[in-house]
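# Understanding the architecture of this molecule
As a plain string of letters, each chain reads:
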There are 2 protein chains.
Amino acid sequence: MSEWVLRYDSYEPGQEAVREALCTLGNGYFATRGAGPESRADGVHYPGTYLAGGYNRLVTRVGDRDVENEDLVNFPNWLPLTFRINGGEWFHLDDVDIDEYRAMLDLRQGTFVRRVRFADRDGRTSIVTYRRFVSMADPHVAGLEFTMLPLDWSGRVDVRSTLDADVSNTNVKRYSELANEHLRPPELHAVDDSTVLCTVETSQSRLRVAIAARTDVLGSDAADRVERQIVETDTHIGHDLSVDVQADQPLTVHKIVALTSSRDHASSECGLAARTRVARAPGFDDLLAQHVLAWDRLWRRYRVTIDGSERAAMILNLHIFHMLQTVSPNTVGRDVGVPARGWHGEAYRGHVFWDELFIFPLLNRGTPEITRTMLHYRFRRLPEARAAAAAAGFKGAMFPWQSGSDGREETQVVHLNPKSGRWVPDGSHLQRHVNIAIAYNVWQHYKVTGDRDYMSHEGTQLLLEIAQFLASLATYNRALDRFEIVGVMGPDEYHEGYPDADEPGLANNAYTNLMAVWVLIHALRALRLLSPDRQSELLDQLGISREELDHWEAVSRKMRVVFHDGVISQFEGYEQLDEFDWEGYREKYDDIQRLDRILEAEGDSTDHYRLSKQADVLMLFYLLSSEQIEELFDRLGYPFDDKTTARTIEYYEARTSHGSTLSRVVHSWVLARSDRERSWQFLIEALESDVADIQGGTTGEGIHLGAMAGTVDLVQRSFTGMVLRDDVLSFDPLLPDEIDRLEMRVHYRQHAGLRVEVTRDRLTISSPAAIAGAPPINVGVRGEIVALESGTTRHFAL
Amino acid sequence: MSEWVLRYDSYEPGQEAVREALCTLGNGYFATRGAGPESRADGVHYPGTYLAGGYNRLVTRVGDRDVENEDLVNFPNWLPLTFRINGGEWFHLDDVDIDEYRAMLDLRQGTFVRRVRFADRDGRTSIVTYRRFVSMADPHVAGLEFTMLPLDWSGRVDVRSTLDADVSNTNVKRYSELANEHLRPPELHAVDDSTVLCTVETSQSRLRVAIAARTDVLGSDAADRVERQIVETDTHIGHDLSVDVQADQPLTVHKIVALTSSRDHASSECGLAARTRVARAPGFDDLLAQHVLAWDRLWRRYRVTIDGSERAAMILNLHIFHMLQTVSPNTVGRDVGVPARGWHGEAYRGHVFWDELFIFPLLNRGTPEITRTMLHYRFRRLPEARAAAAAAGFKGAMFPWQSGSDGREETQVVHLNPKSGRWVPDGSHLQRHVNIAIAYNVWQHYKVTGDRDYMSHEGTQLLLEIAQFLASLATYNRALDRFEIVGVMGPDEYHEGYPDADEPGLANNAYTNLMAVWVLIHALRALRLLSPDRQSELLDQLGISREELDHWEAVSRKMRVVFHDGVISQFEGYEQLDEFDWEGYREKYDDIQRLDRILEAEGDSTDHYRLSKQADVLMLFYLLSSEQIEELFDRLGYPFDDKTTARTIEYYEARTSHGSTLSRVVHSWVLARSDRERSWQFLIEALESDVADIQGGTTGEGIHLGAMAGTVDLVQRSFTGMVLRDDVLSFDPLLPDEIDRLEMRVHYRQHAGLRVEVTRDRLTISSPAAIAGAPPINVGVRGEIVALESGTTRHFAL
């Protein structure tokens, strides 16, 4: 095993979906699902090609209601490249004897290679190798190299290279009843001897995507001998290339594609753009070299080195790799968010949830232009969020739990429980805390970049409109002289409402209430960052009065938080729920991560029990330092101390099933200092989430981006104790026993690429050679604060 | 006359085109041509609606060649709103006796109002008023208010409010032979009782635009009585509203429209978005109030007050108004440039030339986010510019003279001389100096904002790629030991090549050569702004070696400049051309601004003479201070002094026809200190360019944005002597005799909204109340430099 390669040494058809997801290649503009064969001519199922932000809405009749679903669209597949020998059957892995099989995702280079040595039915032995990449250097370009080495025969090889528009969304079984035909009939054109073009349009959103493919045989000799023929059906177009091959003489074919869309900038028409791009593209080797160089640049910024566990190191690299394939420098300036399951994840349909909370820290430190783009995605959707707030009777902007193309609430209103086969009403849109995540991220972005211009143009406005919504969500309880938030869901999706209540929604979810206070405080702080002129201008524009600001201040001092048994209650009345029979269910079921489905199938409900799908109260300890939490409680006039923290962590840790991959990241974090062994265990489990498909099937539907980025962030922050506090970048390292050394890069203020190294006894921090005029930054290690000039290195003994 | 109103007191059908252009309303997202009637039901010719960046390409057979032209598209018109009385003929101005007519463009509010008092054929007297706006607050929204006041009759009024998709590009006569049908048949829908939707798609670029219109009768009483009917043809859809009116009781109808496109962000499908937006829009009065508030915010930043000439003050306001209607805060983040003739200018087809050179200074000082967007427009077109450079045998990025949708060269290859009726070959794409303008603007943007992050991400790269192109354009002349640039055109479009040469292009255009040196110097400076890491990364990515940088340095020290008769030669060999018979031609022709057309029609050519269409050499004195020019000549080893400057200005001033509106701006500038009277005269002429249509017909084809912005910039910079020099914002005021006082706002570094006031004896500068932490700026007045803290004011006696 290498820390740079995800490798499979045998062909396992049953593992195809998981491998396809894990071996997805992407560049932040488009993604191609991965491990599956390029070489099937049977039209059964090909991996998909997805455009970042490429959505389409369809309506399905489910029972007695119309269900509208906005899906990430599976666009025409560019991979198909198959072959046959001497006019026989087109190649298929199932039809040959496989002598040797190897599939490798090279994380450093961003390539996927499959190599098969096989004997066909006529006993001929050959080695075929497929190597492909989706260019990080030119977001519109991808390449595929096919090599056929006849070992013991000579003869005629026909290579068929096509574009396949006969695609649909079929990767998620439980969505199979939903409408999924997103594309109108394709427009197919043979452009020239080696180039074809396929243009499609989505049925509702009228988004157009074009793919042009150029297929060439390598070597002037072979190229001269090749016979070419167009192949075309209603949904496929491509070339057949026929050439004579000799034993031991490899035949190499290169397929270069350009993918464009009607949403591209600097474009006339996407079909014209695709043709032009593919015609101008250099050869496979040059494109690959540029691609590898672009990855080099990214790895220089993002690489996290840990010495001690090679598997953990490889998975960390895999996680960074997937995060950068989903949002990359190619994303900057595009109108896309961070989807929960990557840009190939048909589960959740490419929708944008709150995962950016787990993804931003890493990206803020590496490429803040990317997080700026992500925040811009939200800013552009303010009108929709304002309309949603108004429709629900609130002020300000209420961002949706699931956001897609235009920022509308896209959360399903019913979902299918595969265990029971029933469509169950879904209240998860009540997770108003997604707004908290956005506000929190605005502030984090500001803290890392120190960019007041951003705050003046957009950041403060986002904070203000969210604060306005949260303040209007709070109602005054005269009896208690407290503000309350009712009718919401916390992060724990096992609790949609009170047992036997008619309507979903809970009262005084502690996470929501406390973080709402945090948002109000920081919105007011953000406002004070601006010049008085700009403050007035913004308040005028948003129709926020000075009295309203005073009200926010009041709410931020009198929000209600409920406690029971000396712990923070997840929500009001939590302690009145039944305790859950964990042991009984662990005995009864192999896997109890998704207790919601198990209990619903039994006619019961998770609403009845003191159990959590994922971290809810504990999110507070993940996002805020203990000092910050104490300040909040102090401000609210609630007694609070370390013991409450310890009890609260212990209480919920014992009652969480980790039905979300994000949960383990949070639990690892909150235990990092108090229970290092258990913390490490959670981290290991979080690392294995996708690579081992620990949820048993969800990885095939798309990787879990929040958990992926979260684990990397966890390693960076938890092991180094890195915190941004006012104007100090401070550290308090604590390596787990399993790790000997950690090295990473951090972007802080104008010091891009700060190198941080932690060993058992030393922390070293170096600022890269000077950006002329960049002011020094303050670095603190365990309370010792020094100014670090650019171009210098400091060592701290631990 | 007011300084805030452009007013017409009579109806002049012959002036319609000019007024339509001058009274265009826009918001940086879309524009609607202006003064023309909303109230014609004859389908003859309506003003157009244009989308910023809404292009389409068509091919026309002209003689024996295919001419491809990319046009700004005229989209469906939202204005049509007409009426008839008691079932008679639909209203038309030509059919009634006009008692009183008034049309007013209100610059402060951004509204256009037409009020007509008329007697119809049956002797009934009425007053109708149309008031409209294109919202600056919500870029997708526009509104129209129609009021009918029956003075001496009561009866039935039918109001017809429609959307008209029967449009095409017909505003430029000399383009009439070119293909101009840009739209496919429209999709028309009646959405509900008061709302209709029209969606169109362009034929080639497949751009989709949707307009939804909601028409309501004001007042609950009238609304109850109204009868509604859908009217629909192949190209129109709308409503007929029938209602009984009483004498002296006004009937008011409001038409609110939402315009969306497939290029919008945060959108699913543009038709859906238009419907949603128009349904959510509040009433006319609320929309108008928000619109006026948005203009207030802009005027607070952009207003230039001059005391002394009310007409000049009004025209300055008109110019600022049009600039902000073309590029506004609504432009930020969109993929558009600054077109030469506004977004309604069918002349030049909405293409982007070098005008940003004249527009940037003003926008940099007011809203640098807008110039950032403009630079981003160029950055995104680097791939096309690189391909163009490579195709022409050069390195780096060669931006086109005329840029449209995808950054391709869109300059016409033949153009029609309306005087001769001949199609003449056009070599104007050889104006490589557009690249200089882009590079210059990058640096100016950096100087104003001080934003190193921008330089690191994009700015330096733009400078480097342009520098690479210019360096590769320079060839070495061994005999002279000098570098030369041959085969180009300077800004003066009267000189495409040498007399009787086979190929167009000139050698050693002084403006191009000297500014190329300036670009090379500043590209190297920009590179040094970055950290060594980022420098290496960028050079690697662009494939620029350290040797190449040394070569740039060498070129920047040995570029050739040619002189004759003690003046800088416009190009090599200029002095060998014939002198032109200015007096003879002035006698022969009323207007000799366009000598190119006159001479071509006579079988002669401007190439033969020492004459200029516009400032060419003199652009140097416009862009660079005398110190900077002296430094350049010193670096190149050419003797140069003030006398050469004076002689050069005098020489070219005597030989310029000012066939471009930009020319007078430059001439006013270069004479500002040496000949104040003549300078003022040029400024006045430049101010009158559009408002008086001094080119006799070109204003109707679209306003001249460069000249508009240029005059405002001229007033700001020339009268105050404002210069950004290193880290000092310095002034050296000199008011013309005609002006008593000047006041304006300037954005400099973090001090947004610096107020500068100049009177005969005092300059006052105030920084707005503190942005916490904004460092003080250095302000210099005639050599006295002081630090200005935010929130403070300084006075300087003059």
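As a reminder, the structure under discussion sits directly above these lines.
Counting of residues starts from 1 at the beginning of each chain's written sequence and follows it residue by residue. A letter from A marks each chain and a number from 1 marks each ligand, given out in the order of writing. Only residues with pLDDT of at least 70 are given local features in this predicted model, and only at 80 or more are side-chain atom pairs given and counted; all residues enter the totals for whole chains, interfaces and linings. The basis for every side-chain value is the complete set of heavy atoms in the structure, and neither hydrogens nor water enter the calculation.

So, on to the overall build of chain A. Along chain A, the regular secondary structure elements total 21 helices and 32 strands. Only C-alpha atoms enter the radius of gyration; for comparison, a globular chain is expected to reach 2.2 Å times N to the power 0.38, where N is the number of residues. For a compact globule of 798 residues, the expected C-alpha radius of gyration is about 28 Å, and chain A comes in at 27 Å, within 12% of that figure. Based on the C-alpha atoms only, the size of chain A along its principal axes is roughly 90 × 70 × 55 Å. Each residue's exposure class comes from its accessible area (1.4 Å probe, protein chains only) as a fraction of the maximum for that residue type: buried when under 20%, exposed when over 50%, partly exposed otherwise. In chain A, which comprises 798 residues, the proportion classed as buried is 66%. Any two residues whose heavy atoms approach within 4.5 Å at even a single point are treated as in contact. Counting contacts in chain A only where the partners sit at least 6 residues apart, residues at least 24 apart contribute 68% of the total. Values of accessible area rely on a 1.4 Å probe in the Shrake-Rupley scheme; residue burial ignores everything except the protein chains shown. Summing over all exposed atoms, chain A offers an accessible surface of approximately 27500 Å²; the carbon and sulfur share of this is 45%. Working convention for charge: Lys and Arg count positive, Asp and Glu count negative, and His plus the chain ends are omitted. All charge positions are set by atom: Lys at NZ, Arg at CZ, Asp at CG, Glu at CD. Of note, chain A has its 86 positive side-chain charges centred 4 Å away from the centre of its 121 negative side-chain charges. Only DSSP runs of H or I with at least four residues qualify as helices, and only runs of E with at least two residues qualify as strands; both kinds are numbered from the N terminus onward.

Below, the discussion takes up the interface of chain A and chain B. Taken residue by residue, the interface counts 47 residues in chain A and 47 residues in chain B. By buried area we mean how much accessible surface two parts lose on assembly, using a 1.4 Å probe and totalling the loss over both. For the pair chain A and chain B, the two sides together bury roughly 4100 Å², of which 46% comes from carbon and sulfur. Looking only at chain A, the three residues that lose the most surface to chain B are R206(A), A266(A) and S268(A), adding up to 14% of its buried area. By definition, a salt bridge exists where a carboxyl oxygen of Asp or Glu is found within 4 Å of a side-chain nitrogen of Lys or Arg. Counting across the interface, chain A meets chain B through 6 salt bridges. Any pair of nitrogen or oxygen atoms within 3.5 Å is treated as a polar contact; in protein, a donor-acceptor pairing is required on top of that, and neighbouring residues in sequence qualify only through side-chain atoms on both sides. Seen at the junction of chain A and chain B, the total is 14 residue pairs in polar contact (both at pLDDT 80 or more).

This brings us to the relation of the copies chain A and chain B. Copies overlap after least-squares fitting; the atoms used are the C-alpha atoms of residues with pLDDT of at least 70 in both. With an RMSD of 0.1 Å, chain A superimposes on chain B once it is rotated by 180° and translated 0.0 Å along the axis. This pairing of chains is accounted for by a two-fold axis. Residue R263(A), judged by its C-alpha, is the member of chain A lying nearest the rotation axis, at 3.0 Å. Of the residues that chain A buries at the interface, 98% are likewise interface residues in chain B, meaning the two copies contact each other through the same surface.

This part takes up the pattern of salt bridges. Residues and elements named next belong to chain B. A full pass over the atoms with the stated rule returns 136 salt bridges over all chains. For the salt bridge of R132 with E38, the shortest nitrogen-to-oxygen distance reads 2.7 Å. Of this pair, R132 sits in strand β9 (residues 125-134) while E38 is found in the loop between β3 (30-32) and β4 (49-62), placing the two residues 94 residues apart along the sequence. With its nearest N and O atoms 2.9 Å apart, the salt bridge here joins E685 to R664. Within this pair, whereas E685 is found in helix α20 (residues 676-691), its partner R664 is found in helix α19 (residues 661-670), the two being separated by 21 residues in sequence. Note on E685: relative accessible area 28%, which makes it partly exposed. For R664, a relative accessible area of 6% gives the class buried.

Residues and elements named next belong to chain B. Reading across the sheet, the 4 strands line up as β2-β3-β4-β5 and stay open at both edges, with antiparallel pairing between neighbours. Each edge of the sheet is formed by a strand with only one pairing partner; in this case those strands are β2 (25-26) and β5 (65-75). Strand pairing follows a simple DSSP-based rule, namely that at least 2 bridges must link the two strands. Pairing geometry for β4 and β5, over 10 bridges, is antiparallel. Directly across from R61, in β5, lies its bridge partner D66.

Cavities and pockets were defined on a 1 Å grid built from protein atoms only: a cavity is a group of points that admits a 1.4 Å probe but offers it no way out, a pocket is an open group of points flanked by protein on both sides within 12 Å along at least five of seven lines, and a lining residue is one with an atom within 4 Å of any such point. Grid points are joined across faces, edges and corners, and a volume is the space filled by probe spheres set on the points. A full pass over the atoms with the stated rule returns 17 cavities of 30 Å³ or more. Reported here for the largest cavity is a volume of approximately 570 Å³. R263(A), H265(A), R263(B), D264(B) and H265(B) are the residues nearest the centre of the largest cavity, which is lined by 45 residues in total. Mapped by element, the contributors of at least two residues to the lining of the largest cavity are β4 (49-62) of chain A together with β4 of chain B.

Right, let's get into the environment of E201(B). Residues and elements named next belong to chain B. By secondary structure assignment, the location of E201 is in strand β13 (residues 195-201). E201 sits 61 residues away from S262 along the chain, and the two C-alpha atoms are 9.3 Å apart. Side chain to side chain, E201 and R206 meet in a polar contact 2.5 Å long.

The next point concerns the pairing of strand β15 (residues 227-232) of chain B. Residues and elements named next belong to chain B. When β15 meets strand β16 (residues 236-245), the two strands line up antiparallel, connected through 6 bridges. Paired with V231 across the strands is G238, a residue of β16. Between the end of β15 and the start of β16, which pair antiparallel, lie 3 residues.

Residues and elements named next belong to chain A. Residue count minus one, scaled by 1.5 Å, sets the expected span of a helix. The terminal C-alpha atoms of helix α9 (residues 434-449), which comprises 16 residues, lie 23 Å apart, in line with the 22 Å expected from a rise of 1.5 Å per residue. For α9, the tally of buried residues reaches 16 of 16 residues, placing the bulk of the element in the interior. With its phi angle positive at about 60°, G450 sits one or two positions after the end of α9.

Between two packed helices, both the angle of their axes relative to each other and the distance between the axes serve to describe the pair. Residues and elements named next belong to chain A. Direction vectors running N to C along helix α11 (residues 510-528) and helix α13 (residues 546-555) enclose 140°, while the axes themselves pass 9 Å from each other. Judged by the angle between their axes, α11 and α13 are oblique. Of the two elements, α11 crosses α13, and the hand of that crossing is left-handed. Counting all contacts with α11, which are made through V517, L520, A523, L524 and L527, the residues of α13 involved are L549, W552, E553 and V555. Residue classes follow a fixed rule: Ala, Val, Leu, Ile, Met, Phe, Trp, Tyr, Cys and Pro count as nonpolar, while Asp, Glu, Lys and Arg count as charged, and any other residue, Gly among them, counts as polar. Its residues placed into classes, the contact of α11 with α13 shows 8 nonpolar, no polar and 1 charged. Only C-alpha atoms enter the line fits that serve as axes; for helices the fit covers just the stretch in contact. Angles between N-to-C directions range over 0 to 180 degrees. For classification purposes, an angle smaller than 35 degrees is called roughly parallel, one larger than 145 roughly antiparallel, one from 65 to 115 roughly perpendicular, and anything else oblique. Each helix crossing is assigned a hand: it is left-handed if the near helix lies turned anticlockwise from the far helix by less than a right angle, otherwise right-handed if that turn is clockwise.

Next up on the list: the side chain of T111(B). Mapping T111(B) onto the fold places it in strand β8 (residues 111-119). Not counting the four nearest positions on each side in its chain, T111(B) is found in contact with L25(B), M104(B), L105(B), D106(B), R132(B), F133(B) and L288(B).

Moving on, we get to the sheet that holds strand β16 (residues 236-245) of chain A. Residues and elements named next belong to chain A. Sheet architecture is open: 4 strands sit in the order β6-β11-β16-β15, paired in antiparallel fashion. Strands with a single pairing partner mark the edges of an open sheet, and in this sheet they are β6 (81-85) and β15 (227-232). Between one strand and the next, the sheet's axes are offset by a mean angle of 20°, whatever the strand orientation. Relative to β16, strand β11 (residues 155-164) is paired through 10 bridges, and the arrangement is antiparallel. When the bridges of β16 are listed, V157 appears paired with V243.

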